[in-house]
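Structural overview for review
Here are the chains, one letter per residue:
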Amino acid sequence: MGKAKNAITPTRAEDYPQWYQQVIKAADLAENAPVRGCMVIKPWGYALWERIQGDLDRRFKETGHENAYFPLFIPKSFLEQEAAHVEGFAKECAVVTHHRLEAAPDGTLVPAGELEEPLVVRPTSETIIGYMFSKWVDSYRDLPLLVNQWANIVRWEMRTRLFLRTTEFLWQEGHTAHATEEEAWEETRRMLNVYRAFAEEFLAMPVLAGEKTTTERFPGAVSTMCIEAMMQDRKALQSGTSHFLGQNFARAQNIQYLSEKGEQEFVWTTSWGVSTRLIGGVIMTHGDDDGIILPPRAAPQQVVIIPVLRGDENDGRVLQRCDEIARELNGLNSMDDQVRAFVDKQDDKGRGGNKFWKHVKRGVPMLVEIGPRDLDEDKIVWRRRDDLSAGKNFSQRSDFVAKLPDLLADIQQGLFDRAKRFMTEHTKEVYSVDEFKAFFENDGGFAVCYADDTDTYEDILEPYKVTPRVIPENDTSTGTCIFTGKEGVRKIVFGKSY
């Protein structure tokens, strides 16, 4: 099986943005749709999203949340009720103004039946869910209200990139209402920690967690918490957000309840979400110049068994042996989940190497080959996707089956450790503006410094396309802002971003 120099052209070092696009194409994850800025998520990509969705859904339900669904269309007047919210999303809104099409004399179709009120195609659901909460909440006995929605979102992006920024994308959005400010803050932090644990445990993607600066928070929120990951080009990817909304939306939507004291009070609300951009994060955190590398927990299939067929009398025995091994592996458990193995029986026209590289590019964590020579000795040839350079491994079937659960766990942990080292190596504390500039004039990454979170420092940041990413929650120390000299400010992580 001769290996080309690289399965993906160009490589990461040659052209990182184009490498990213080619990895998506080679893995058959998604492609551009005929609708501007939209994508078609193909079966392998959607299977990956289903894995993400399934694990997150379990975590949400374990924390007491229930799934519901709300309309795709939101009356324009709903957005107008929260001024900061509508200002933040106004330029991204797609708006429906008519409700039917009619044939023109020239045979073309033209919009007809103008709506009494324009409908905004859901950019996020705080307003319409808030409206429904106002109908569902009467007294303190109805609280807390803990709801999650799996849905699609439309934001009219000018510059799109598959999974990272598209006009339409898939996500989940949680919305909760609470009797007290303390409970709402607790929920905001709880869901931030759910996202952090999910990213690190399931996607093997290390993140920094903390609060967004005043200038970067969600429109209408009192505070926005987030997790930020570092991609291999050293840019930041905002990978999840959790918003403490205070009583802003409760007042706008009139969400009141009768307290235990018999008084009418406004609830305290939160919202939180992640999206299909997590798939982009997995690609850019773990991928190499041969394609995507999927963490075993997230991979739709963890083991692919490739029959090496010669077109002779042994083919039937090879296929039978492959099926037997797949059944054995699918009866195992690894990392508290059933192993997922399958046999690729697609006709490869005698070119087994093509099939092998197809699954390399799709990121399947463990690649197994069974040929006629392996039958009598009951051997297995296998390779780890995360370490192709190590070459082929040869094991007795029973030995391989026994150690597979540990091998998958080792791949999962190894991917996290590798990504964690990369983020640590490219994160630096800086103590002056000159040091800050020098950092981003060279390789860059995450620069950590004392800074005032109410300023934008545009004259310093804009030339380097740098933004404040997060105020790290694990460092509460204060010092002097390197940009303005203001005393008593927290540390902020700065970086380029997607």
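Refer to the structure printed above.
Structure report, in brief. Owing to the predicted nature of the structure, the values given are computational and were not obtained by experimental measurement.

**Re the packing of aromatic side chains**
- Enumeration over the complete set of coordinates arrives at 23 aromatic pairs.
- Look at Phe70 and Trp136: their rings are 5.9 Å apart centre to centre, the planes differ by 40 degrees, and that puts the pair in the tilted class. Residue Phe70 is found in the loop between β3 (66–67) and β4 (73–75), and its partner Trp136 is found in helix α5 (residues 126–136); the two are separated by 66 residues along the sequence.
- Ring geometry for Trp382 and Phe400: centres 5.7 Å apart, planes at 45 degrees, overall tilted. Here Phe400 lies in helix α12 (residues 397–425) and Trp382 lies in strand β20 (residues 379–384), a separation of 18 residues in the sequence.
- The exposure class of Phe400 is buried, given its relative accessible area of 0%.
- An aromatic cluster of at least three residues, connected via ring pairs, comprises Phe436, Phe439, Phe440, Tyr457, Phe483 and Phe494.

**A look at the sheet that holds strand β5 (residues 94–103)**
- Across the sheet, which stays open at both edges, the 3 strands sit in the order β4-β6-β5 with antiparallel pairing between neighbours. One side of each edge strand has no neighbouring strand; the edge strands of this open sheet are β4 and β5. Ignoring strand direction, the axes of neighbouring strands in this sheet form an average angle of 45 degrees.
- Two elements, β4 and strand β6 (residues 109–121), share 3 bridges in a ladder whose sense is antiparallel. In the strand pairing of β6, Phe73 is matched with Val121.

**Looking at the pattern of salt bridges**
- Under the criterion given, the structure shown has 36 salt bridges.
- Notably, a salt bridge pairs Asp378 with Arg397, separated by 3.5 Å at the nearest N-O pair. Linking Asp378 in the loop between α11 (372–375) and β20 with Arg397 in helix α12, this pair joins segments that are 19 residues apart in sequence.
- Judged by its relative accessible area of 14%, Arg397 falls in the buried class.
- Across the pair Arg384 and Asp410 runs a salt bridge whose closest N-O atoms are separated by 2.8 Å. Pair noted here: Arg384 is in strand β20 and Asp410 is in helix α12, with a separation of 26 residues, a long-range link.
- The class of Arg384 is buried, set by a relative accessible area of 16%.

What counts, and where the lines are drawn
Residues numbered from 1 in each chain as written. Predicted model: local features only at pLDDT ≥ 70, side-chain atom pairs only at ≥ 80, totals over all residues. Heavy atoms only, no water. Phe/Tyr/Trp six-rings, centres within 6.5 Å; stacked < 30°, edge-to-face > 60°. Helix = DSSP H or I, 4+ residues; strand = E, 2+ residues; numbered from the N terminus. Buried < 20%, exposed > 50% of the residue type's maximum accessible area, 1.4 Å probe, protein only. Pairing = 2+ DSSP bridges. Axes fitted to C-alpha atoms, helices over the stretch in contact; angles between N-to-C directions. Salt bridge = Lys/Arg side-chain N within 4 Å of Asp/Glu carboxyl O.

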